[in-house]
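One letter stands for each residue in the lines below.
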Amino acid sequence: MRIAIDILIACSVFFAFAGVVGMLRMPDSFCRMQSSTNVATFGVLGVVIGGFLYALTVLHDTSMAVKIAVLGVFYIVTNPIAGHAIAKAAYRHGVRPEKEMTVDKYGEDLEQND
Amino acid sequence: MNELVFFAICFVVLALTLLYRLIKGPSVVDRAVSADSIDILADMALILFALYSGRGIYLDIALVTAVLGFIGSVLVSRYLEGRL
């Protein structure tokens, strides 16, 4: 059981590392936003599942397990909302991808509404 | 039991690496996104340290910082849209 928990947390560290490298090296803001979701989904999921199992099986502490589960559910629910809000705000603030866009449906919608 | 602290140190090092993007980031959006990611990585380190020390109080701190990070990023995005 300890080995399984360690493998889960190590996978989580690997995905968080990949997300951080992407955030440091990607060329423009939207690419960096995309790799920051790598930190927020898989980086969280491994630690939450591994910590839940560790608190239940090794520590025998149910309250800690419930708190970790609540934290994981909160992250899974709120991260898409925050990502969507940030991406929309970036577009309206004037941030554009590095290459010229071929399809820009959101910009067309904004022009029609204005 | 020591490996939990090792993984927590890995997360803290990753969070400190992201400070580069927080300082240099060309636009406001990069800074907001990297601050949110630093918050998440610090929360993961707090969870692992709570499991290492066996105290539940660190999980409460992690929960509060998670809520504050979500509210902060949504607030920044509303402000950038100009609808605050």
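What you are looking at is a predicted structure, and each value in this text was computed from that prediction instead of being measured. (Residues numbered from 1 in each chain as written. Chains lettered and ligands numbered in written order. Predicted model: local features only at pLDDT ≥ 70, side-chain atom pairs only at ≥ 80, totals over all residues.)

Student: How should I be thinking about the overall build of chain A in this particular structure?
Tutor: When its secondary structure is counted, chain A shows four helices and zero strands. Counting from the amino terminus, helix and strand elements in chain A follow one another as α-α-α-α. Relative to the compact-globule value of 13 Å for 114 residues, chain A shows a C-alpha radius of gyration of 19 Å, a clear excess of over 25%. Summarising its shape, the C-alpha atoms of chain A cover approximately 60 × 30 × 20 Å along the three principal directions. A sequence separation of at least 24 residues applies to 58% of the contacts in chain A between residues at least 6 apart. (Helix = DSSP H or I, 4+ residues; strand = E, 2+ residues; numbered from the N terminus. Rg over C-alpha atoms; globule rule 2.2 N^0.38 Å. Contact = placed C-beta atoms within 7 Å.)

Student: For this particular structure, what's the right way to read the interface of chain B and chain A?
Tutor: Many analyses report the size of an interface as the accessible area lost when the parts associate. Across the boundary between the two partners, chain B contributes 37 residues, which contact 39 residues of chain A. Of all elements in the fold, only helix H1 (2-24), helix H2 (28-53) and helix H3 (57-81) of chain B reach the threshold of two or more residues within the side of chain B that touches chain A. With 15 residues, the single largest contributor to the side of chain B that touches chain A is H2 of chain B. In the side of chain B that touches chain A, the residues fall into 24 nonpolar, eight polar and five charged. (Nonpolar A, V, L, I, M, F, W, Y, C, P; charged D, E, K, R; others polar.)

Student: Even after reading the chapter, I still don't get the confidence of the model for chain A, so can you show me in this structure?
Tutor: Detailed reading of the predicted coordinates is not advisable wherever pLDDT is low. Averaged over chain A, the pLDDT score is 89; the fraction of residues at 70 or greater is 99%. Mean pLDDT values over the elements of chain A span from 82, in helix H4 (residues 105-113) of chain A, up to 92, in helix H1 (residues 2-25) of chain A. (pLDDT = per-residue confidence, 0-100.)

Student: What's the story with the environment of Val 58 of chain A in this structure? I'm lost.
Tutor: Here Val 58 of chain A is to be found in the loop between helix H2 (29-57) and helix H3 (62-93). Spatially, the C-alpha atom of Val 58 of chain A lies 25 Å from that of Ile 76 of chain A, the residues being 18 residues apart in sequence.

Student: It is not clear to me how the nonpolar core should be interpreted in this structure. Could you clarify?
Tutor: One broad trend across soluble globular proteins is that nonpolar side chains are buried collectively. Judged by nonpolar contacts, the single largest core of 52 residues is most densely connected at Phe 11, Leu 41, Met 44, Ile 47 and Leu 48 of chain B. Among the elements that take part in this core, H2 of chain B stands out by supplying 14 residues, more than any other. Once residues lying within four places of it in the same chain are set aside, the contact partners of Leu 41 of chain B are Ala 16 and Val 39 of chain A together with Phe 11, Leu 14 and Ala 15 of chain B. (Core = buried A, V, L, I, M, F, W, Y, C linked by C-beta atoms within 7 Å. Buried ≥ 20, exposed ≤ 12 C-beta atoms within 10 Å, placed from the backbone.)

Student: What exactly am I supposed to notice about the packing of H2 of chain B against H3 of chain B here?
Tutor: The axes of two packed helices give the description: the angle between them and the distance between them. Residue and element names in this part refer to chain B. For the pair H2 and H3, interaxial distance at closest approach is 9 Å and the crossing angle is 170 degrees. Here H2 lies roughly antiparallel to H3, going by the angle between them. Contacts between H2 and H3 involve Val 28, Ala 32, Asp 36, Asp 39, Ala 42, Asp 43, Leu 46, Ile 47, Phe 49 and Ala 50 on the former and, on the latter, Tyr 58, Leu 59, Ile 61, Ala 62, Thr 65, Ala 66, Gly 69, Ser 73, Val 76 and Leu 80. (Axes fitted to C-alpha atoms, helices over the stretch in contact; angles between N-to-C directions. Parallel < 35°, antiparallel > 145°, perpendicular 65-115°, else oblique.)

Student: Help me understand H1 of chain B, please; the structure alone is not making it clear to me.
Tutor: Taking 1.5 Å of rise per residue, 23 residues should cover 33 Å, and H1 of chain B covers 35 Å from first to last C-alpha, within 8% of that figure. Those residues of H1 of chain B that sit buried are Leu 4, Phe 7, Ala 8, Cys 10, Phe 11, Leu 14, Ala 15, Leu 18 and Arg 21 of chain B. Packed against the buried residues of H1 of chain B are H1 of chain A together with H2 of chain B. (Expected span 1.5 Å × (residues − 1).)

Student: Teacher, can you tell me more about H2 of chain A here?
Tutor: An α-helix turns once per 3.6 residues; consequently, residues spaced three or four apart project the same way. Between its first and last C-alpha atoms H2 of chain A spans 42 Å; for 29 residues at 1.5 Å apiece the expected length is 42 Å, and the two agree. Maximum bend of H2 of chain A: about 25 degrees, positioned at Val 44 of chain A. (Bend = angle between axes of the 7 residues up to and from the residue.)

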